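Architecture at a glance
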Amino acid sequence: MNRENKMWSGRFDSTMAKSMAELSFSLDVDKELLEEDIQGSLAHGKGLVEAGVIGKTEYAKIAAGLRSILADAKKGKKLWNAEDEDIHMAVERVLTEKIGNLGKKIHTGRSRNDQVATDFKLYMRHKTIDILDLLSKLQKTVYELAKKHAGRLMPGYTHLQQAQPIQFSHYLMSIFFALERDKKRLSNFLSLHNECPLGSGAMAGSAFSYNRKTVATDLGFADVSANSIDAVSHRDMALEFLSDLSIIGSTLSRYAEDMVIWSSSEFGFLTLHDKFSSGSSMMPQKKNPDSMELIRGKSGRLIGNFTAMFTLAKGAPLTYSRDLQEDKLPVFDSAKTISVCLQVFREALETAKWNFENMEKRMLPALLATDLADLLVEKGIPFRDAHRIVGNLVGIAAKQGVNFTELPDEHWKDIPKAKELRKKLTFAYSVSRRNIEGGTGEKSLEQQLKKAKVILEG
Ligand code: ARG
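Structure report, in brief. (Residues numbered from 1 in each chain as written. Predicted model: local features only at pLDDT ≥ 70, side-chain atom pairs only at ≥ 80, totals over all residues. Heavy atoms only, no water.)

Moving on: the overall build of the chain. When you go through the chain residue by residue, the secondary structure sums to 18 helices and six strands. For the chain, whose C-alpha radius of gyration is 30 Å, the value lies well above the compact-globule estimate of 23 Å for 458 residues. C-alpha atoms of the chain, sized along the principal axes, occupy 100 × 50 × 40 Å. Expressed as a percentage of the 458 residues in the chain, the buried residues total 48%. For the chain, the share of sequence-separated contacts (at least 6 apart) that also reach a separation of at least 24 residues comes to 74%. Surface summary for the chain: the accessible area is close to 22,700 Å², and the carbon and sulfur share equals 54%. Here the chain contributes 65 positive and 59 negative side-chain charges, whose respective centroids are spaced 3 Å apart. (Helix = DSSP H or I, 4+ residues; strand = E, 2+ residues; numbered from the N terminus. Rg over C-alpha atoms; globule rule 2.2 N^0.38 Å. Buried < 20%, exposed > 50% of the residue type's maximum accessible area, 1.4 Å probe, protein only. Contact = heavy atoms within 4.5 Å. Areas by Shrake-Rupley, 256 points an atom, 1.4 Å probe, with all protein chains shown as cover. Lys, Arg positive; Asp, Glu negative; His and termini not counted. Charge placed at Lys NZ, Arg CZ, Asp CG, Glu CD.)

Moving on, we come to the environment of leucine 342. Summarising the element assignment, leucine 342 is placed in helix α12 (residues 328-351). For the pair leucine 342 and methionine 363, spaced 21 residues apart in sequence, the C-alpha separation works out to 31 Å. If we skip the residues at most four places from it in the chain, leucine 342 touches Ile131, Leu134, Leu135, Leu138, Ile248 and Leu252.

The next subject is the site of the ligand. The ligand sits among Ser26, Asp86, Arg112, Asn113, Val116, Tyr320, Gln325 and Lys328. A distance of 2.8 Å is found between a nitrogen atom of the ligand and a side-chain nitrogen or oxygen belonging to aspartate 86. At 2.4 Å, a side-chain N or O of tyrosine 320 approaches an oxygen atom of the ligand. Grouping the constituent residues of the shell around the ligand by class yields two nonpolar, three polar and three charged. (Near = heavy atom within 4 Å. Polar contact = N/O pair within 3.5 Å; in protein donor to acceptor, adjacent residues only side chain to side chain. Nonpolar A, V, L, I, M, F, W, Y, C, P; charged D, E, K, R; others polar.)

Moving on, we come to the environment of threonine 405. Topologically, threonine 405 is positioned in the loop between α15 (383-400) and α16 (418-424). The exposure class of threonine 405 is partly exposed, given its relative accessible area of 24%. Linking threonine 405 and proline 365, residues 40 residues apart in sequence, is a C-alpha distance of 6.6 Å. Setting aside residues no more than four positions away along its own chain, threonine 405 makes contact with Pro365, Trp412 and Arg422.

Below, the structure is given as structure tokens:
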């Protein structure tokens, strides 16, 4: 390694061991921050001009150099070399090669500590905006499907046992509102983590007093960080980002699990498109719901990234310790992982075939037990008693291996107006009784769709 190139060569007698370089160099990972690093340097440079630290023409050259680095990188030009420790040093080296010694001025009043904190924050903010967009797109898909299939019934489950009849669209809209909370969490995240660290220097604040507020605004932050120690040390923004993404992952995972179950031949509620399934290398008949299984699996990976970040952040002494370099990979990986999961989940839902006949065929009359108890309550029987009476009926039916609705009249003796009630007991009737706000009834569903429309248009 060429020692002269190293930024701290003044202080050191020996170059870095090869093994140490392998442990230390992070370019392969943090080159992901290139765009944010250039943006940060452009804003920082502007601040230095206003503070009179560098001249306007100097800045113009620096800015042009920085922009050309980004343009070159986008064109796929090979810019980095094996001696670049990280993206921040790599950009400075290339800049200096492009515009000469002037390039070395960009780091005035800045440390990699506030630089990296700024880049990283910008990155998470940018990714959050992209993820919010993906969440909205998925919500739109769910909403359209729910509108299209309103009126189709299916068994609703608790404990994976048939519980009550529901509209299929009611189930779909549960995804919509869960995603809405995921979106709110991210919006909250954006408003909470909106302070720019630049100007904090290594940890005590820069000695060049420049207008931090202008620099922050330039980068799209609402404010500047209030304390330089906190600004370069804290990683709770990353923790929260990873936590929010893990929660989205677990939302998707639960629904993916249902889709896996539904696409089994035992259920047969759903046929995923071939594009989102795969076959078996051995069993020719197999069509597996791999897309959903992978989404379920990736949620484990998201939680792993969150855990890694938590473990890393909890013990590093203030302010900056090198451990913190390890914060990038989990964040980059989770941002990518959740994005692809959201996309696949949406496309898989859009292209899936929903087998409504099977859903209806599988609905057991036992789904109506609660409705019968409710009807008895309407005839003046206290709910506990009604529950017991219907429970008895269902118990007898189970022993005889029939549905309770099929039991002969002699078993319905305790039930007032049994004939009338038995006629009433249909799945459609059960659903129609649930027009309470948030319920599965037709009007409730309309209300949900209306709420959703307002959210989507908002
Ligand atoms: N590559 C480092 C990181 O990502 C940059 C900060 C280095 N700072 C330092 N004081 N060594 O965390």
